[in-house]
There are 2 protein chains.
Amino acid sequence: MPGRATPQLNLPLLLDREGAAPLQQQLTEQVRRAIAAGQLAPGARLPSTRALAAALGVSRNVAVAAYDELFAEGYIGGRHGSGTYVERDLPARPRAPLPAPAGAPRWLRRPPPPARSEQVGAPPSRGLIEFRPGMPATGLLPRAVWRQVWRAVAAEPPPNVYGAPAGDPDLRAVVAAYLGRARGIACGPDDVVITSGASQAFDLLARATLAPGDSVAIEEPGYPAARNLLLERGARLVPLPVDDDGARVDRLPAGAAAPLLVYVTPSHQYPLGVRLVVARRLALLDWARANDGLIVEDDYDSEFRFDAPPLPTLMGLDREGRVAYVGTFSKSLAPALRAGFLVAPAPLRERIVRLKGLTDYHTAWPVQRALAWLLAGGHLERHIRRVRREYAERRTILREELTPLAPRARLLGLDAGLHACLELAPESGLDARKVAAAALARGVLVTTLDEYYHGPPDRQGLLLGYGGLAAADLRRGARVLAALIGETADGGRQTAEAASAGQPGHR
Amino acid sequence: MPGRATPQLNLPLLLDREGAAPLQQQLTEQVRRAIAAGQLAPGARLPSTRALAAALGVSRNVAVAAYDELFAEGYIGGRHGSGTYVERDLPARPRAPLPAPAGAPRWLRRPPPPARSEQVGAPPSRGLIEFRPGMPATGLLPRAVWRQVWRAVAAEPPPNVYGAPAGDPDLRAVVAAYLGRARGIACGPDDVVITSGASQAFDLLARATLAPGDSVAIEEPGYPAARNLLLERGARLVPLPVDDDGARVDRLPAGAAAPLLVYVTPSHQYPLGVRLVVARRLALLDWARANDGLIVEDDYDSEFRFDAPPLPTLMGLDREGRVAYVGTFSKSLAPALRAGFLVAPAPLRERIVRLKGLTDYHTAWPVQRALAWLLAGGHLERHIRRVRREYAERRTILREELTPLAPRARLLGLDAGLHACLELAPESGLDARKVAAAALARGVLVTTLDEYYHGPPDRQGLLLGYGGLAAADLRRGARVLAALIGETADGGRQTAEAASAGQPGHR
C-alpha cells in the first residue's frame, strides 16, 4: 500500500512498501517525474534527507542514496550548506498536458452549450478602428475619483463572512433611488437584486421561470447573449420582427400558443437601435395581462439619450406585476466590473435571490462597495452627464459622415445608446459582409447585422458601436465606410488612399 | 394616444390628448402621483414651465396652471428665482409597494429553488461567540498590503471591453504555478478557469454534465450548498456514508447504477473534518475508470494542514482525465471576494468556459487583478503561513478544552482546515440541538450536524468553525460547551456563571 508523504515538500510522494521496486528507486523516479512534469520548478528547495526520511518513514540511507543519484544525474544541485534544490540550468521541458478522458465519457453527452457568435472577450487590436458595440468611454472617468473610491473600499479589511445574496444594502438603496429618479420606477432597496452583470440577471430569470420546452419571445434581430442563455435552458424561441417603432408586439401569439416570457430592449433595441413606441409598450402590457406572461425589460443603455424625449419604462407603466427590469453598469461605467441589477415582483424576486445564493452567494464585495461609493457620491451621474455630452458629439460625426449615404444606406438608432445601425437598402445591391471585409482590409472593424439574427436575416446592415472611439478615429472610420458604400453608388472607384483609415498605427 | 414627455424631468409624463380629462388636470395628477409614490423625492428640482411645456408640446399656460395648482396644494415650492422643487416638508409617505401578480402566474409554476439550510449571509451578531464555519481570520491580512494591492488595481482605469471568460491570464498563470507547488497538480494557465467562488464552479460543472434525473454521489453528511445546487439541477442523489477514513467509496454503485458524478471533499471532509485515506483515493479513481464516472474534488480549505502529512490530491493522482478540481479563495483570503478556480480535463473545461461566458461573461476584473497581485507578490502564501500558525494555536485551545469530554464527545477534523466537529456519543444521551440551544442561551452559537444531512442523521454533533474567533473568545466558547456537555456527564449541575460565556458584550 502507498504510504506517507513529506510535510516540508508540499509535493506528495507515495512509496509502495509492498511493490517490486526498491524504495530508493521509487523515490528517485517520482522526483524525476515531478521535475519533468514541472511540478518541481527549477530552483525549488527540497527538504533535507533527514526531514524527507522522517516524513516518509524510511531510513535516512534511502533518502541519501536517492539524492546522490539525482545529483549525479544533474536533476538536483546544492546538497551542502545552501541546501538542496532542483537544478536551475535544466533545459526547459514541456509540461505534460493534463490527462484527458478517452472516447466520449457519459458526463460529456449533454449537448455542448451554445458558443458566442459575437467577438466578446477579444482584446482590442492595435491599429484597428473598432466599431465594437458595448465599449463605453471608460477613459472619461476621472482618475482621481476612481482611485479615491477604491481607496475607500480598501480602507476596510474584507469581511470574513458572506454578504447578503440580494446584494449590499447600501448599494441597493442607491440603485433604488437612482431608478426612481432616472427611470420612473418607484421601488425600494428590498425590490432590487444586485447581479454579476445583466447576463446573470437573465440567467437567473430563465432558471427561475422556464422548464425545457417553454417558449420565449425574442426580438429578431436581437441580443445573441440573451438568446444563447435561453437556448441553453432549452427554451423554444418565438422571434418577433422589429420595425422602426420597435418590436412588433402585435405578432405575439395569444392563448395556448402565448409564450411564457417576452424579452425586449425597449429603450434602444439591440441591435437596431430603435425605440419601442408608447402605444406598443401599452399593448405589450395588455398582452401580458391577457396571456399571463412575463415581460423581461432589458434597459442596458438607457442612460444615454440625446435629443429624444424619455419614454416611460415598462416597469414604470406596469400595474400588474408582470415586468422584470434588468439594468447594468456595463455601459454607464465599465463592462469588466460585471455588475448589474434586477427589479422584479416579490414572488419572482424571492426565487431569484435563492438562485443567486446557490450560484455564487453574492456579487463580489469590493465591486459592490465601490459602486455604492460611486453612486452615493453622485460620481456615476456626473460621469454619465460627461460621457453623454461626448457621445452626442460622436453621434454628430456619424450623422455628418453617413447620412449622405441615403437612400443606399440609412442610419438607425442615433436617438439613444452608444451604438447605431447602418442599414443597407436592398436596392443598393450592397452585401454587408463584403463591405465589412473590405473595411477590415482598410483597418476598420464592423460587425454585420446577420450575426444578431436567430433565423435567416431579413435585412442587411452594419453595427457601429461608437462609445469606445475617439472623435478623430470615429471620423476616419466613418469615412472609410462612406467611401466603400459610396464607391459602388456612383459607379466610380475611390483611390485606395481616400478609402483607407490611414491612422499611424495601422498597417 | 399618449404623447411626449419632458427631457429635463427624467420622470416621463404621458398626456393623453384624446382623453376626457383636460391636459392641465392630467399633468397635476401625474405629478401628484409621482410625489406620492416617491418617484419624485422631496427637494427634487422640477423643470421650468417653459421647458416643461416645450417638452410636452402643450401651451405654456397649461404648465403654469398645473404648477400653480400644485403650489397651492403644497406639493411644490420655490417657483421664482431658485427654481421649482418638490416641497421639502411633505410628510413622509410610505412608497407604494411594487405591483405583484395576482394568483399563481404560469411563470411561477417551476418548483421553488431549495432554500439554504445554513445561516449564510447573516451578519455576525455583536456579543455572540460564533463558531460559524467558513469564517477565516481576515483580520490577519496586513492592512498595508491590502491597501497597496487595491492601489495597484485602481491605478489603471477599468478596461472598456469584457475580459476572457476563463479569467485574467496573469491570475490563471499564478494559480497554475501555485497548484503545482502546493497541491502537486501539474497544470498550465490554460487548464485553469477562474470562477466567482467554488459554488459557481459546482454550478457550471453541474450544468455542463447533468441532465435532470442523472445521479450524483454525495457525502452524507455533506456540504449543503453543493447538494442544493445538484437538487436545483434535478439530480438524483446517492448518499455515501463517511467514517474516520473519509467517504465510503466502496459503497459507490457500479455498472448501470453507477452515478455520473461523485462529489467529495478529500482534504478535510465537510462537515466531519476527516481526510480521505490514500487507499480510498486510489479506489475512487479505479471506480471512476471502471464506471466511466467523473470525480469532483472540492479542495476548499487544504491550505490549512497542521501536524498531518499532505496527501496527494485526486487530480494529482489522476492519469485518466476523470477529475475536476475546485479551489477557492474564500478560506485562504475572504469569502466576500467571491473568487475560486477550477481545473478540468480539456473537453469538459471548454464547455465550462462557454457556460461561464454565457452566465456572467467573466469574474469581476478588479477582484481578479487584486488576486493576481496578491499571488504574484507572494502575499497570499505569506498570509497563509501567518494564519496557519494562528489556527494551530486556536486548534490547540479546542483540543485542550474539549478532548477531556471523551468518551461522551470526541473531536474530529483537527488535522486540517478551519473547523472541527465535536461528535456526541450515542451512549451520552446528549441531544445536539438541545446542547446548541443551551449554548445559544449562554451566548455561544454552534450549528448542529443534522443540518448537513440529506437524509436522516446517523450521528449527532456540533460543528465548530474556529477561523473567525480570537483565542480568548474561543476558549470562553469552548468552556461553555464543555460545561454543557460535562453537566449531564457527571450528573451534577454547573452554576449558570461557570457555564456562561461571560464576555462583556453579551447580554
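Residues numbered from 1 in each chain as written. Chains lettered and ligands numbered in written order. Predicted model: local features only at pLDDT ≥ 70, side-chain atom pairs only at ≥ 80, totals over all residues. Heavy atoms only, no water.

Engineer: What is the right way to look at the pairing of strand β6 (residues 215-220) of chain A in this model?
Structural biologist: The side chains of a regular strand alternate, residue by residue, between the two faces of the sheet. Residue and element names in this part refer to chain A. The buried fraction of β6 is high, at six of six residues. Residues S215, A217 and E219 of β6 are buried on one face, and the alternating residues V216, I218 and E220, pointing to the opposite face, are buried as well. Pairing analysis gives six bridges linking β6 to strand β7 (residues 236-243), with the strands arranged parallel. Its bridge partner being in β7, A217 is matched across the sheet by V238. For the handedness criterion, the β-α-β arrangement of β6, helix α7 (residues 224-232) and β7 is classed as right-handed. Looking at chain direction, β6 and strand β9 (residues 261-264) are connected through two bridges and run parallel. (Buried < 20%, exposed > 50% of the residue type's maximum accessible area, 1.4 Å probe, protein only. Helix = DSSP H or I, 4+ residues; strand = E, 2+ residues; numbered from the N terminus. Pairing = 2+ DSSP bridges. Right-handed = clockwise from strand over helix to strand, strands pointing away.)

Engineer: Any chance you could explain the pattern of salt bridges here in plain terms?
Structural biologist: Opposite charge on two side chains permits pairing when their charged atoms draw close. Residues and elements named next belong to chain A. Applying the stated criterion across every chain, the model contains 48 salt bridges over all chains. Close ionic contact of R248 with D250 constitutes a salt bridge, the shortest N to O distance being 3.0 Å. Residues participating in the shared-partner salt-bridge network are D244, R410, E423 and R459. (Salt bridge = Lys/Arg side-chain N within 4 Å of Asp/Glu carboxyl O.)

Engineer: Hey, could you run me through the pairing of strand β9 (residues 261-264) of chain B in this one?
Structural biologist: Burial along β9(B) is two-sided: L261(B) and Y263(B) facing one way and V262(B) and V264(B) facing the other are all buried. Once you follow β9(B) into helix α8 (residues 278-291) of chain B and on to strand β10 (residues 294-298) of chain B, the crossover reads as right-handed.

Engineer: Explain the sheet that holds β10(B) here, please?
Structural biologist: Residue and element names in this part refer to chain B. Strand order in the open sheet made by the eight strands is β5-β12-β11-β10-β9-β6-β7-β8, with mixed pairing throughout. A single partner strand is all that each edge strand has here, and the edge strands are β5 (192-195) and β8 (246-247). The pairing of β10 with strand β11 (residues 323-328) spans four bridges and is classified as parallel. Residue pairing for β11: D298 is matched across the bridge by V326. Lying on the sheet, helix α7 (residues 224-232) is in contact with β6 (215-220), β7 (236-243) and β9; it crosses β6 at an angle near 160 degrees. (Contact = heavy atoms within 4.5 Å. Axes fitted to C-alpha atoms, helices over the stretch in contact; angles between N-to-C directions.)

Engineer: Looking at this structure, how should I read the packing of helix α10 (residues 346-360) of chain A against α7(B)?
Structural biologist: In a packed pair of helices, the relevant descriptors are the angle between the two axes and the axis-to-axis distance. Direction vectors running N to C along α10(A) and α7(B) enclose 120 degrees, while the axes themselves pass 9 Å from each other. Here α10(A) is positioned oblique relative to α7(B), judged by the angle of their axes. Handedness of the α10(A)/α7(B) crossing: left-handed. Every residue of α7(B) that contacts α10(A) at L355(A), L358(A) and T359(A) is listed here: A225(B), N228(B), L229(B) and E232(B). Considering only residue class, the contact of α10(A) with α7(B) consists of four nonpolar, two polar and one charged. (Parallel < 35°, antiparallel > 145°, perpendicular 65-115°, else oblique. Left-handed = near helix turned anticlockwise from the far one by under 90°. Nonpolar A, V, L, I, M, F, W, Y, C, P; charged D, E, K, R; others polar.)

Engineer: How should I be thinking about the relation of the copies chain A and chain B in this particular structure?
Structural biologist: Related by rotation about an axis and a shift along that axis, the two copies of the chain form a pair. Mapping chain A onto chain B calls for a screw motion: a turn of 180 degrees about the axis and a shift of 0.1 Å along it, with 0.1 Å RMSD after fitting. The transformation relating the two chain copies, once decomposed into turn and shift, fits a two-fold axis. Of all interface residues in chain A, 100% are interface residues in chain B too; the two copies therefore contact each other through one and the same surface. (Least-squares fit on C-alpha atoms with pLDDT ≥ 70 in both.)

Engineer: How should the interface of chain A and chain B be read in this particular structure?
Structural biologist: How large an interface is tends to be reported as the accessible area lost when its parts come together. Opposite the 130 residues of chain A that make contact, chain B presents 130 residues. Buried area between chain A and chain B, both sides added, is near 11,100 Å², and the carbon and sulfur share of it is 61%. Along the contact surface separating chain A from chain B lie four salt bridges. Between R207(B) and D203(A) there is a salt bridge, with its nearest N and O atoms 2.8 Å apart. Linking chain A to chain B there are 40 residue pairs in polar contact (both at pLDDT 80 or more). Counting only elements with at least two residues in the side of chain A that touches chain B, the list comes to α4 (143-155), α5 (169-183), α6 (197-209), α7, α8 (278-291), α9 (314-317), α10 and α11 (365-376) of chain A. (Buried area = accessible area lost by both parts, 1.4 Å probe. Polar contact = N/O pair within 3.5 Å; in protein donor to acceptor, adjacent residues only side chain to side chain.)

Engineer: Got a minute to help me understand the sheet that holds strand β17 (residues 460-465) of chain B in this structure?
Structural biologist: Hydrogen bonds along the backbone pair up the strands of a sheet, which may run parallel or antiparallel. Residues and elements named next belong to chain B. The four strands are arranged β13-β14-β17-β16 in an open sheet whose pairing can be described as antiparallel. Edge positions in the open sheet fall to β13 (409-412) and β16 (447-448), since each of these has one partner strand only. As defined by bridge partners, β13 adjoins strand β14 (residues 419-424) across four bridges and the pair is classed as antiparallel. Looking at the pairing, A409 lines up with L424 of β14. Seen against the sheet, helix α12 (residues 379-402) touches β13, β14 and β17 and runs at an angle of roughly 165 degrees to β13. Here helix α13 (residues 432-441) sits on the sheet in contact with β14, β16 and β17, set at roughly 40 degrees to β17.

Engineer: Would you explain helix α6 (residues 198-209) of chain B in this entry?
Structural biologist: Note: α-helices contain 3.6 residues per turn, so residues at a spacing of three or four share the same orientation. Taking 1.5 Å per residue as the helical rise, α6(B) with its 12 residues ought to reach 16 Å, and the 17 Å between its terminal C-alpha atoms agrees with that figure. Within the sequence span of α6(B), burial applies to A198(B), S199(B), Q200(B), A201(B), F202(B), D203(B), L204(B), L205(B), A206(B), R207(B), A208(B) and T209(B). (Expected span 1.5 Å × (residues − 1).)

Engineer: What's the story with a positive patch on the surface in this structure? I'm lost.
Structural biologist: A cluster of basic side chains, namely R143(A), R147(A), R151(A), R143(B), R147(B) and R151(B), defines a positive patch on the protein surface. For the positive patch, the elements supplying multiple residues, two or more each, are α4 of chain A together with α4 (143-155) of chain B. (Patch = residues over 30% accessible without salt bridge, like charges linked within 9 Å, V, L, I, M, F, W, Y side chains within 5 Å. Areas by Shrake-Rupley, 256 points an atom, 1.4 Å probe, with all protein chains shown as cover. Lys, Arg positive; Asp, Glu negative; His and termini not counted. Charge placed at Lys NZ, Arg CZ, Asp CG, Glu CD.)

Engineer: Even after reading the chapter, I still don't get the environment of P47(B), so can you show me in this structure?
Structural biologist: Residues and elements named next belong to chain B. Structurally, P47 is set in the loop between β1 (45-46) and α2 (49-56). Overall, the relative accessible area of 7% leaves P47 in the buried class. Distance in space between the C-alpha atoms of P47 and Y85 is 8.5 Å, their sequence separation being 38 residues.

Engineer: Explain the confidence of the model for chain A here, please?
Structural biologist: For any part of a model where pLDDT is low, the fine detail of the predicted coordinates should not be relied upon. Residue and element names in this part refer to chain A. The pLDDT averaged across chain A works out to 88; a share of 90% of its residues lies at or above 70. Of the regions scoring below 50 in pLDDT, residues 1-8 engages in 34 contacts with residues more than four places distant in sequence or in other chains. Below pLDDT 50 for its whole length, residues 489-507 participates in 28 contacts with residues either more than four positions away or in separate chains. In the model output, the complex is listed with pTM 0.86 alongside ipTM 0.85. (pLDDT = per-residue confidence, 0-100.)

Engineer: Quick question: what am I supposed to make of the packing of α6(A) against α7(A) here?
Structural biologist: Residue and element names in this part refer to chain A. The contact between α6 and α7 brings their axes to 10 Å, and the two run at 30 degrees. Taken together, the axes of α6 and α7 lie roughly parallel to each other. Crossing of α6 against α7: the hand is right-handed. Across from S199, F202, D203 and A206 in α6, the residues of α7 making contact are A226, L229 and L230. Within the contact of α6 with α7, the residues separate by chemical class into five nonpolar, one polar and one charged.

Engineer: What is the right way to read the side chain of S302(B) from this model?
Structural biologist: Residue and element names in this part refer to chain B. Tracing the sequence through the fold places S302 in the loop between β10 and α9 (314-317). On the accessibility criterion, S302 (10% relative accessible area) is buried. With sequence-adjacent residues up to four places away left out, S302 is seen in contact with R183, S267 and Y325.

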